[in-house]
Amino acid sequence: MNCLDEGIIQSYIDGELSDKEMSDVAMHISSCKHCLAQLKQQEERKNTLLDIMQNANDKVEVPAFNVPVQVVEIPLRRSRVWMKVSAACVFLILLLTTYQSQDKEQKEIFFYPEWQDQVDANLPITQQSFTITYTESSVN
Amino acid sequence: MTQFETVYQMYYQGLHRAAQQMLSNKEEAGDVVQEVFVSLYNRMQSHSAEINNVKSWLYRAVMNKCIDAGRSQKNIQSLEGVSVVAEDINIDDNNYQTKILQAALQSLNEKERMMVVLYSQGLSYKEIAETAEVNFTSVGKTLSRSLKKLETLLKHQKHELLG
Ligand SMILES: [Zn+2]
């Protein structure tokens, strides 16, 4: 076997050769002073350089990860507008029916629509709920 | 802890050090690593194609961004063969060992620097070959040459700095 090149020695040091190649290299080194010296030199170089590279540069603190904002704004806005319109319609119908049932006596009526819980824009209107507070007082 | 957080905690520091050694710039290195984790996060959220080896994927993404960033850096660092001295290294780190290392690394060419950085981060030859887009069988040879070159450059830098 001819003398080993530096690339083979490097791969041997890093354990990146096949089993067969590893044992061939070991065999050669055991009987060749020149390649043994080369191996020692490369091994030492590896250790020194890795030590420098792994310890240089200040160690940084791991910052908190900022979760990127999800892009779902367009459907959300659309359904919000649609829900406002629906709510306004319900309110108007109630207002009209209540108004018709009144007699000629003038009354002041207040409606306070109020959403129950958080509005979930991804649910249909039929699964949403809100209360309407209704107050009435006579106007004299 | 979610799968993402585990990966984030596990690889952040190594990736940051690798990016710093590629760019010689701590702030820019931080930006590169954040951007890469944002793309990983989005990928994991969207459940698109599985990533076989997250470590390889992350190092590859960081290296590619570093190369893009390095090429747009309008300084001497992108010019190969120009000798860089430790005083030129603008890193907010007064550790002279770091300055010497950065100056020496900047004097390697892009591919040599990348391979040495990946090697110091403990990537296998297979991972180095994939990330640096070189032939697997040439990794040992290129590494041994690059390490020898780096050793010489470090001696030279030390001599320059300490006289
Ligand atoms: Zn020999």
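Quantities reported herein were computed from a predicted structural model and do not represent experimental measurements.

1. Some points on the overall build of chain A
Part 1 of the argument: When its secondary structure is counted, chain A shows four helices and two strands.
Part 2 of the argument: The helix and strand sequence of chain A, counted from the amino end, reads α-α-α-α-β-β.
Part 3 of the argument: The buried share of chain A, reckoned over its 140 residues, is 26%.
Part 4 of the argument: If you take every contact in chain A between residues at least 6 apart in sequence, the share linking residues at least 24 apart comes to 55%.
Part 5 of the argument: Roughly 10500 Å² of accessible area belongs to chain A as shown, and the carbon and sulfur atoms make up 55% of that amount.

2. A few points about the environment of B:V116
Part 1 of the argument: Of note, B:V116 is situated in helix 5 (residues 110-120).
Part 2 of the argument: Overall, the relative accessible area of 0% leaves B:V116 in the buried class.
Part 3 of the argument: Remark: the alpha-carbon pair of B:V116 and B:Q21, spanning 95 residues in sequence, is separated by 9.9 Å.
Part 4 of the argument: What B:V116 contacts, discounting residues up to four positions off in sequence, is A:M53, B:L105, B:L108, B:L143, B:S146, B:L147 and B:L150.

3. So, the pattern of salt bridges
Residues and elements named next belong to chain A.
Part 1 of the argument: For the coordinates displayed, the defined rule picks out eight salt bridges over all chains.
Part 2 of the argument: Residues D14 and K46 are paired through a salt bridge, measuring 2.8 Å at the closest nitrogen-oxygen approach. With D14 in the loop between helix 1 (6-13) and helix 2 (19-30) and K46 in helix 3 (residues 33-55), this pair connects stretches of sequence that are 32 residues apart.
Part 3 of the argument: Given a relative accessible area of 17%, K46 falls into the buried group.

4. Quick notes on the side chain of B:E127
All names here are of chain B.
Part 1 of the argument: One can find E127 in helix 6 (residues 125-132).
Part 2 of the argument: For the buried E127, which has no salt bridge, the nearest side chain bearing the opposite charge is K55, at an N-O separation of 4.2 Å.
Part 3 of the argument: Reaching out from E127, the side chain makes a polar contact with the side chain of N53 at a distance of 3.1 Å.
Part 4 of the argument: Those residues in contact with E127 that sit more than four places away from it in its chain are N53, K55 and S56.

5. Thoughts on the confidence of the model for chain B
Residues and elements named next belong to chain B.
Part 1 of the argument: Summarising the model, chain B shows a mean pLDDT of 86, and 86% of its residues fall at 70 or more.
Part 2 of the argument: For chain B, helix 4 (residues 96-106) is the element with the lowest average pLDDT, namely 89, and helix 5 is the one with the highest, namely 96.
Part 3 of the argument: Predicted confidence for residues 74-82 stays below pLDDT 50, and this span has nine contacts to residues more than four positions away or in other chains.
Part 4 of the argument: Reported confidences for the modelled complex are a pTM of 0.70 and an ipTM of 0.85.

6. Some thoughts on the UniProt feature "domain: Putative zinc-finger" (unreviewed entry) in chain A
Part 1 of the argument: As recorded in UniProt, the feature "domain: Putative zinc-finger" (unreviewed entry) lies at residues 10-35 of chain A.
Part 2 of the argument: Between the C-alpha atoms that bound residues 10-35 of chain A the distance is 12 Å, and the span itself is 73% helix and 0% strand.

7. Digging into the coordination of the zinc ion
In an ideal octahedron of six donors the angles at the metal are 90 or 180 degrees, and in an ideal tetrahedron of four donors they are 109.5 degrees.
All names here are of chain A.
Part 1 of the argument: Within the protein, C3 (SG), H28 (NE2), C32 (SG) and C35 (SG) serve as the donor atoms for the zinc ion, at 2.1 to 2.4 Å.
Part 2 of the argument: Coordination at the zinc ion comes from four donor atoms whose angles at the metal span 95 to 122°, giving a geometry best classed as tetrahedral.
Part 3 of the argument: One chain supplies every donor for the zinc ion, spaced along it as C-x24-H-x3-C-x2-C. Take C32 and C35: they sit in the same class, and that class is buried.

8. A few points about a nonpolar patch on the surface
Residues and elements named next belong to chain A.
Part 1 of the argument: A surface patch of nonpolar side chains, about 260 Å² in accessible area, is lined by L92, L95 and L96.
Part 2 of the argument: As for its position among the elements, L95 is in helix 4 (residues 73-101).
Part 3 of the argument: Take L95: its relative accessible area is 31%, and that puts it in the partly exposed class.

9. A short note on the interface of chain A and chain B
Part 1 of the argument: The interface is formed by 29 residues belonging to chain A together with 39 residues belonging to chain B.
Part 2 of the argument: Both sides together, the interface formed by chain A and chain B hides about 3100 Å², and carbon and sulfur atoms give 59% of it.
Part 3 of the argument: Broken down residue by residue, the surface that chain A buries against chain B is led by A:M53, A:N57 and A:F65, which jointly contribute 24%.
Part 4 of the argument: The interface formed by chain A and chain B holds three salt bridges in total.
Part 5 of the argument: As a salt-bridge pair, B:E151 and A:R45 come within 2.9 Å of each other at their nearest N and O atoms.
Part 6 of the argument: Mapped by element, the contributors of at least two residues to the side of chain A that touches chain B are helix 1 and helix 3 of chain A.
Part 7 of the argument: Along the lines of polarity and charge, the residues of the side of chain A that touches chain B split into twelve nonpolar, eight polar and nine charged.

The rules behind each value
- Counting starts from 1 at the beginning of each chain's written sequence and moves along it residue by residue.
- A letter from A marks each chain and a number from 1 marks each ligand, given out in the order of writing.
- Confidence filtering applies because this is a predicted model: local features only for residues at pLDDT of at least 70, side-chain atom pairs given and counted only at 80 or more, and all residues used for totals across whole chains, interfaces and linings.
- Side-chain descriptors were evaluated using all non-hydrogen atoms of the structure, hydrogens and water having been removed beforehand.
- Numbering goes from the N terminus for both helices and strands, where a helix is a DSSP run of H or I of at least four residues and a strand is a run of E of at least two.
- Relative accessible area decides the class of each residue, using a 1.4 Å probe on protein chains only: under 20% of the type maximum gives buried, over 50% gives exposed, and in between gives partly exposed.
- A contact between two residues is defined here by any heavy atoms of the two lying within 4.5 Å.
- Surface accessibility in these figures is a Shrake-Rupley result with a 1.4 Å probe; residues are shielded only by whichever protein chains are displayed.
- Salt bridges are defined as contacts in which a side-chain nitrogen from Lys or Arg sits within 4 Å of a carboxyl oxygen from Asp or Glu.
- Residues counted as positive are Lys and Arg, residues counted as negative are Asp and Glu, and His and the chain ends are not counted.
- Two N or O atoms count as a polar contact when they lie within 3.5 Å, although within protein this holds only if one can serve as hydrogen donor and the other as acceptor, and sequence-adjacent residues are included solely when both atoms are side-chain atoms.
- Per-residue confidence from the predictor is reported as pLDDT, which spans 0 to 100.
- UniProt positions are given in the numbering used here, feature names are shortened, and annotations may be inferred rather than shown by experiment.
- Atoms of type N, O and S within 2.8 Å of a metal are treated as its donors, and for Na, K and Ca the window is 3.2 Å; water is not considered, so some sites may appear to be missing partners.
- Think of it this way: with four donors and all angles in the 85 to 135 degree range, the site is tetrahedral; with four or six donors, opposite ones beyond 155 degrees and the rest between 65 and 115, it is square planar or octahedral; otherwise it is irregular.
- The residues that make up patches have over 30% relative accessible area and no salt bridge, and they are joined within 9 Å when like-charged or within 5 Å when they are Val, Leu, Ile, Met, Phe, Trp or Tyr.
- Throughout, the accessible surface (probe 1.4 Å) given up by two parts as they are put together, summed over both, is called the buried area.
- Each residue is assigned to one class: nonpolar for Ala, Val, Leu, Ile, Met, Phe, Trp, Tyr, Cys and Pro, charged for Asp, Glu, Lys and Arg, and polar for all the others, Gly among them.

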